[in-house]
Amino acid sequence: MAETAVAGVNAAAKGTSRAAVACFQDEMSDGEMLQLHLGELDLTTDELILDEVDLHIQANLEDELVKEALQTGVDLRQYSKQVEAELERIEHASIKDYIKESQNIALLHQQISACDAILERMEEMLGGFQSDLSSISSEIHTLQRQSLGMNVRLKNRQAVRGRLSQLVDELLVPGAMISTILDTAVTEQDFLEQLHELNNKINLAKELSFRETLACADIQDIVDRLKVKAVSKIREFILQKIYSFRKPMTNYQIPQNTLLKYRFFYQFLLANERTVAKEVRDDYVDTMSKIYFSYFKSYSGRLLKVQYEEVADKDDLMGVEDTAKKGFFSKPSLKSRNTIFTLGQRGAILSPPELEGPILVPHAAQRGDSRYPYETLFRSQHYALLDNGCREFLFLCDFFMVAGNSALDLFNSIMGKTLSMFLKSMSAYVSDCYDGIALFLCIHVILRFRAIGAKRNIPALDKYWEAVLELLWPRFELILEMNIHSIRSTDPQKLGVLDTRPHYITRRYAEFSSAIVGINQTFPNERTDALLAQLQVEVENFVLKMAAEFPSRREQLVFLINNYDMMLGVLTERAADDSKEVEGFQQLLLARTQEFIEELLSPPFGGMISFVKEAEALMERGQLDRLKNDEARICQLVRGFSATWKQSVEAMSQDVMRSFTNFKNGTGIIQGALTQLIQYYHGFHKILSQPTFRSLPARSDLINLHHLMVEVKKHKPNF
């Protein structure tokens, strides 16, 4: 039923639409129909799609009112007719409204058409503008390309103009340059500045000539003339300064400093006139070589006049007897041979203030009647050489613009004659020198000067230092070997009266060895260490040979201890505590001291000591009962110790202090002896407390150990 109602509604709508269109067409004239174009408002078009009507009807069926009508059983046909009549009424009203507004709609259509015409004309105008803009854009691109091209041409012209201007300026020889080179003194700043400019123009002319530039021919002649004039004036100036070095009493360092201010002069000569540059350099080398040779020859000769007159000779050796007689024609010996082996204040020359201190002035020393050992003169001479050599090497590198092997060759051509004189003079001295400490100090002076040269980065004197060391080392080693041989060949029976005090030969060794060891610590040398070790062995053997001349073992030990203690004391003042020499004599002293303590305790307490040693040995084997029958011996030992120990300790103390020259050493020996005595007596107590001797009546006579220690401290000497 619902479908029938829907179909009826659709049919009524279609019929109503056709009727409305027919009525509208009847009321309008043909002309109006032609002008009226409803477009989308035309409901009569056949293209109207009614498929969507079904969808709307289906949606309307869901409306509450429609549902209610359907549910209440309303007559749909009647209701359809009512709806159709209502729709027809509404349609007619709508058509009347359309007809009523038709003129306005037509007017609107005309206005829209007019607007379309206006917009069409605007479109044509904009199209024209666009074509005009396109042509303008192409013109702009063309102008841009032309501008870039003009810019490149401008830059090229400016670059060419700049180079041409520079070339013209460089080729131009100004009048100021000509007048300055010709008329101004070479010491003026203007001359130096114009000389730089002239050098640049000479180099430019050479470069342009190599490139076959025709413009350089215009200035070549005047540049050559200016170069000749400048070379002439510079040559005259430098040679004049070099000749001024030769004047007596001239401080050549002043004109050297002046030449350094004008170092460009030689550079100019070297670049433009090598013949004149070579002449200048040869004159300088010849002049300075003579000046240095004359100065150092004179200085060395005057230094020798303030040397000590007494020098060591071949008889001034460690193992030579002090009372040895010489022949009638022999030269006088040293007043004290021991000074050869003692360093004293001589080692001060190796300290930085002395090593790099002012050199000696011989005439001032002569006026003051001062005398110096050879190593002091050697230090002064070679410090002057080091100072002048370093200064000269730096001057050569700076002024003559040389480096490396060229600088060394130039330096040797100046200083070679002087250095040869030094080596010859030193060789003559060394061949007749027997002062080992002087040579060793000279060796270390050279080692330190070589280090100073390396620190200053000046290798000029390195070969000379090596040559000097090659002279000094073999002679020093020879002197050491001669001293070793002299000690080895010493006959103790020819050395005079025996005495337990330190021997003068061991004192010589101690002083000499401590001096060499102390100096050698800075620059250790294995060969020196080996020779010192050999010398120490010979001295130890000598001491043993001398000790064997004493009749009693006690005197032998006193002699050994005194000598070991003296040598150890001297060595510890200068050598390190961990040196081989110090450690060796410490061990020897300790062993002989312990032996002497046993020898010292033996006369007053030998019976008790031997009993303690015997009993302790038997206790270790469990055979102490074998001494059970020695009651009388034990009683005698107990009573004898109690009665005499104080007197014995006092006598020991006095004996020790008389026997040993070193109070400190004597005090240590007494302390060691008393300590050893207490240990023996403590062992004696311990043995008598064993069950084997516990019932002996003599135990009551034993001195309390603590009381003994208190009493012993009273006898401890104080120094």
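See the structure printed just above.
Summary of the structure given here.

### Topic: the packing of helix α19 (residues 504-520) against helix α20 (residues 526-547)
Phase 1 of the analysis: Axis separation between α19 and α20 bottoms out at 11 Å; the angle between their running directions is 160 degrees. When the axes of α19 and α20 are compared, the pair comes out roughly antiparallel. Between α19 and α20 lies a crossing whose hand is left-handed. Contact with α19, carried on its side by Ile505, Thr506, Tyr509, Phe512, Ser513, Ile516, Val517 and Asn520, involves Thr528, Asp529, Leu532, Leu535, Gln536, Val539, Phe542 and Val543 of α20 and no other residues of that element.
Phase 2 of the analysis: Classifying every residue of the contact of α19 with α20 by side-chain character gives 10 nonpolar, 5 polar and 1 charged.

### Let's talk about unusual backbone geometry
Phase 1 of the analysis: One non-glycine residue, Met401, lies in the positive phi region at around 55 degrees.
Phase 2 of the analysis: Residue position: Met401 is located in the loop between α15 (374-399) and α16 (404-430).
Phase 3 of the analysis: The backbone of Asn457 shows a phi angle near 60 degrees, a positive value even though the residue is not glycine.
Phase 4 of the analysis: Here Asn457 shows up in the loop between α17 (436-455) and α18 (462-488).

### Here's the deal with the packing of α20 against helix α22 (residues 580-621)
Phase 1 of the analysis: It is the contact of α20 with α22, at a shortest axis distance of 11 Å, that shows an interaxial angle of 20 degrees. One element, α20, and the other, α22, form an angle in the roughly parallel class. When you trace α20 past α22, the crossing you get is right-handed. Along the contact surface, α20 presents Leu532, Gln536 and Glu540, while α22 presents Lys580, Glu581, Gly584, Phe585 and Leu588.
Phase 2 of the analysis: Looking at side-chain class alone, the contact of α20 with α22 contains 3 nonpolar, 2 polar and 3 charged residues.

### A few points about empty space enclosed by the protein
Phase 1 of the analysis: For the structure on display, the rule yields 1 cavity of 30 Å³ or more.
Phase 2 of the analysis: What lines the largest cavity is Asp316, Ile340, Phe341, Tyr434, Gly436, Ile437, Ile479, Asn483 and Phe512.
Phase 3 of the analysis: If you list the elements that add at least two residues to the lining of the largest cavity, you get α17 and α18.
Phase 4 of the analysis: Tallied by class, the residues present in the lining of the largest cavity amount to 6 nonpolar, 2 polar and 1 charged.

The rules behind the values
- Residues numbered from 1 in each chain as written.
- Predicted model: local features only at pLDDT ≥ 70, side-chain atom pairs only at ≥ 80, totals over all residues.
- Heavy atoms only, no water.
- Axes fitted to C-alpha atoms, helices over the stretch in contact; angles between N-to-C directions.
- Helix = DSSP H or I, 4+ residues; strand = E, 2+ residues; numbered from the N terminus.
- Parallel < 35°, antiparallel > 145°, perpendicular 65-115°, else oblique.
- Left-handed = near helix turned anticlockwise from the far one by under 90°.
- Contact = heavy atoms within 4.5 Å.
- Nonpolar A, V, L, I, M, F, W, Y, C, P; charged D, E, K, R; others polar.
- 1 Å grid on protein atoms, 1.4 Å probe; cavity = no way out; pocket = protein on both sides within 12 Å on 5 of 7 lines; lining within 4 Å.
- Points joined across faces, edges and corners; volume = space filled by probe spheres on them.

The values reported here are purely geometric and, on their own, carry no functional implication.
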